[in-house]
Every structure is written in C-alpha cells, then in structure tokens.
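Inside the fold
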Amino acid sequence: MTDTATTPVVGRLSALDRLLPVWIGAAMAAGLLLGRGVPGLNNALEQVQIDGISLPIALGLLIMMYPPLAKVRYDRLNTVTGDRKLLTSSLALNWLIGPALMFALAWLLLPDLPEYRTGLIIVGLARCIAMVIIWNDLAGGDREAAAVLVALNAVFQVLMFAVLGWFYLSVLPGWLGLPQTGIDTSPWQIAKSVLIFLGIPLAAGYLTRQLGERAKGRTWYETRFLPRIGPAALYGLLFTVVILFALQGDQIANRPGGVARIALPLLAYFAIMWGGGYALGAALGLGYQRTTTLAFTAAGNNFELAIAVAIATYGAASGQALAGVVGPLIEVPVLVALVYVSLAMRKRFHTNASQIVRTTADISEPGARECPGTPRPEISNPPCCFCAPTTPAAHKWRSVTSPTTPATMPSPGPVAPNLPTKSTRPPSR
C-alpha cells in the first residue's frame, strides 16, 4: 500500500493543477500576442460590458467561480459562522490592516507618482470576492469558510468602500499634511458589482447542490458530478487571463517603467498580507484548511471593482486605471506561487497534529451520524474516538485506545499517570 503521508502534496495533484504555472504563463503570453497582433481586438472586446467590465472577462469570472461554489456544503456553514476567531481575524485583516498597509506602501514607494499611488490605494480598498475562491480551492482550503468570508467581505464592501475611500484619499492625507483626492462611486455601483460577480455564481452553486443531492444523493453529486465540472474553474481562469492581457497589452508595452513601479508595492503587499494571514491562522490554531482560507482571503483584491471605479472617476487612459489593471497582472502569478507554498507547508500541520481523524466534512450522506469525538474544523485537540465508515450513512464506533486499533492509526499519545483502573465505588457493607 502506498504511503500517501510521505508523498509530497504537490505530487498528488492532477497534471492539470500541477502544471498551473505553465498554463498561466502560456495564457499571459497568448493574451499579449493577441493584443499586439490583432488590430482592433481591444475595441471589439470592450464593445459589450457588464458593470464597466468587458463581457468576455465577466463571463470568464462567472465560469471560474461556479465550480468551487458548487462544491461548498451549505449545510455546514454554521460550523464557520460559529468560529469567532476566524471571522474576527478575517475582518481585521481585510478591513483594518489591508487598506492601511496599501496606503503606507503606496506613499512610501510611489511618493512622486500621484496617479499610480491613488490607483493602488483604490485596489487596497477593494477586497476580493472572486478569484480568492479559486486560489482557496487549489490550495485545499476550507470551501465553506471561503464562502462565508467572501460573503462577509461583499457585505462590508457595499457598506464601507466609499467611506474608506473618502478616509484614505482625503481625510487621512489631510491629517498628515499630504495631497488629497477623492473617488466618484456609490453604494449602488458597488452593490451591482457584488451581485453580478458573487451573487450569480453563488446562487448557481447553491441551487446545483440542492437539486443534485435531492435528485441523486450526495455520493453521486460529489463523486460523479463535481469531477465533471471541476476543470471548468481552471478553464475560466485561463480564459480570463488571456482576455485581460489582450485588453491591456498596449498599456503594458507602452509604459513598462510605470508597470514596474506599480508592481513593487503590489509584490510587497501580497507577500505581507498572505504571510501575515498564514502566521495569524497558525498562531490561533485554526488548522491548515482555515489558515489557508484566511491567508488567501486577506491577500486577494477585487480588481473588477477597482478598475471600474478608477475608470469611472479618472478615465480609461489614466494612471489610476493602469494601477488597477496591473493589480491582477501581478496578483495572478504571485498567488499561483503562493498556492504551491501553501501546499508545501501543509505537511507541517499534519506532522504537528497528534492524530488524523475523519471529520464532519467527510461524511458522505446528509443523514450520516457524526462521531461526537470527531473534531470540528476549528478544534485542533485530538478526539476521544473515531468513526470507521461501513456504509455512506452508517458508522462503526471504536475507542482509540482499543487493542483492535489498526496499526495504520496514529498513536493516541501518552496516557495520563495515576488514572484509576478499578471502580471507585465504596464496598458494600
């Protein structure tokens, strides 16, 4: 029997996922060649738009997000909403630390380029509600947690984007004696972006799971249906990258110096936010899956919204719009690399864990019984028992300390000393 525990996690990926950097690089090159080699392609792609975003890009995003959201077990979202450590950490990283960090990096590294600086601050205010779904899925993060955190970011985005834009572009620079500016946006414009790029694929994923499980059961849905639609997420991502580079090929080629200046603070931002989120999740004991979700949710940005706001306020040819465009061009390869970093670090969580047990997420049927000793995803302490499944909906119970425990099971660890081995009931008179 192959010992999968000693096999590198990346080596157990499918060929399609394992060669993701190759596909991303090829998509970037293809987009640049199309943009430079086909006259009038940019204008043709921009003719039809959805909420200020080119229709092909919008379609690619929707296709990309649908499979990961169809994989979410919506009946388990309550296990995430009760995890206060995860929720408060995500809110602090996304809405306190993230915008402040981008503001600081923009002013430190672009003090002489006000247009690029403003564009980067706008990017920092737009928290990710789209591509983070695919990065989280590729890295093996918690899908349910990603769905909840993305929805939470969407709500805060509608409520706080314009307020934070006013604060970081006008109020805070005024307090510091720096030049001030502003943005022209409304809560309704932001709400439209959220409804389109999150609401549509979220509703489609939810309805697909509900109808599929009702008709065929969870086992069929997860073992037959999901593998068929899974590759569509990567195809949608690659299509989006091709169109994005084709649309912006001229700006990238004509202003390479500006692109390089914008890239530097973005690289620092992605590294600091992802690394900080990962370190925080590990320190809080969230486990690999939720730590990964926290890190990618903190590092990603909603470039669709940032580009739309920059174009609406400053114009399509402005430096602010270029900063919004360069954002995803840097984000895509950097977060692809961080997917591999995350997968490489996964074994550390497994090594440190005293036991590897079956969790609620692995129960195949909605009616399956959960072992009370099985840890919730947010609990890292080892359980007192485990379930060995006999059928998808039935479980056999055994004690971890039982002599019949299979040799492949991890050791339960040292037994506490001085435990009574006989009954403590007083003798009868």
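Data block above holds the structure.
Please read these numbers as outputs of a predicted model, since none were measured by experiment. What you see as residue numbers is a count from 1 along each chain, following the sequence as written. It should be noted that, the model being predicted, local features are given only for residues of pLDDT at least 70 and side-chain atom pairs only at 80 or more, the latter also being counted only at that level, while totals for whole chains, interfaces and linings use all residues. Side-chain metrics rest on all non-hydrogen atoms present in the structure, leaving aside hydrogens and water.

**Looking at the packing of aromatic side chains**
Stacked, tilted and edge-to-face are the three classes applied to pairs of Phe, Tyr and Trp rings, where Trp contributes its six-membered ring and a pair requires centres within 6.5 Å; stacked means planes under 30 degrees apart, edge-to-face means over 60, and tilted covers the rest. Under the counting rule described, the total for this entry stands at 11 aromatic pairs. Distance and angle both matter: a charge sits over a ring if NZ of Lys or CZ of Arg is within 6 Å of the ring centre and within 35 degrees of the ring normal. In this arrangement the basic side chain of Arg-117 is found over the ring face of Trp-107, its NZ or CZ atom lying 3.6 Å from the centre. Note that Lys-216 overlies the ring of Trp-220, its terminal NZ or CZ placed 5.9 Å from the centroid.

**Brief notes about the environment of Val-241**
Mapped onto the elements of the fold, Val-241 is located in helix 12 (residues 231–254). Buried, partly exposed and exposed residues are distinguished by accessible area as a fraction of the type maximum, computed with a 1.4 Å probe on protein chains only: under 20%, between the cut-offs, and over 50%, respectively. Owing to a relative accessible area of 2%, Val-241 belongs among the buried residues under this scheme. Sequence-wise, Val-241 and Leu-329 are 88 residues apart; in three dimensions their C-alpha atoms are separated by 8.2 Å. Note on conventions: DSSP H or I runs of at least 4 residues are helices, E runs of at least 2 residues are strands, and numbering of each starts at the N terminus.

**Focus: the environment of Leu-207**
Its place among the elements puts Leu-207 in helix 10 (residues 187–216). Overall, the relative accessible area of 47% leaves Leu-207 in the partly exposed class. Sequence separation of Leu-207 and Ala-70 is 137 residues, and the distance between their C-alpha atoms is 8.3 Å.

**Concerning the packing of helix 9 (residues 143–175) against helix 14 (residues 287–299)**
A pair of packed helices is captured by two measures, namely the crossing angle of their axes and the spacing between those axes. To get an axis, fit a line to the C-alpha atoms, keeping to the stretch in contact for a helix; angles then go from 0 to 180 degrees between the N-to-C directions. Across the interface, helix 9 lies against helix 14 with an axial gap of 10 Å and an inter-helix angle of 30°. Looking at the two axes, helix 9 sits roughly parallel to helix 14. The way helix 9 lies across helix 14 gives a crossing that is right-handed. Across from Ala-145, Ala-146, Leu-149 and Asn-153 in helix 9, the residues of helix 14 making contact are Arg-290, Thr-293 and Thr-297. Our angle categories are set so that under 35 degrees counts as roughly parallel, over 145 as roughly antiparallel, 65 to 115 as roughly perpendicular, and the remainder as oblique. Left-handed describes a crossing in which the near helix is turned anticlockwise from the far one by less than a right angle; the clockwise case is right-handed. By definition, residues are in contact when any of their heavy atoms lie within 4.5 Å.

**A word on the pattern of salt bridges**
When the charged atoms of two side chains with opposite charge come close together, those side chains can pair. Salt bridges, as used here, are contacts in which a Lys or Arg side-chain nitrogen is within 4 Å of a carboxyl oxygen on Asp or Glu. Scanning all chains against the criterion turns up 11 salt bridges. Asp-137 serves as the salt-bridge partner of Lys-71, at 3.1 Å between the closest nitrogen and oxygen. Of this pair, Lys-71 sits in helix 4 (residues 55–71) while Asp-137 is found in helix 8 (residues 131–138), placing the two residues 66 residues apart along the sequence. Each member of the pair, Lys-71 together with Asp-137, is buried. The network of salt bridges with common partners includes Arg-73, Asp-75, Arg-209, Glu-213, Arg-218 and Glu-222.

**Details of helix 8**
Within helix 8, 8 of the 8 residues are buried, leaving the element largely enclosed by the surrounding structure. Buried within helix 8 are the following residues: Met-131, Val-132, Ile-133, Ile-134, Trp-135, Asn-136, Asp-137 and Leu-138. Positive phi appears at Gly-140, one or two residues downstream of helix 8, with a value of about 75°.

**Topic: a nonpolar patch on the surface**
Patch rule: a residue counts if its relative accessible area is over 30% and it has no salt bridge; like charges are joined within 9 Å, and nonpolar side chains (Val, Leu, Ile, Met, Phe, Trp, Tyr) within 5 Å. Working definition of accessibility: Shrake-Rupley area with a 1.4 Å probe, residue cover restricted to the visible protein chains. A contiguous nonpolar patch, built from Leu-19, Val-22 and Trp-23 and spanning about 250 Å² of accessible area, is present on the exposed surface. Checked against the element boundaries, Trp-23 lands in helix 2 (residues 20–37). Given a relative accessible area of 31%, Trp-23 falls into the partly exposed group.

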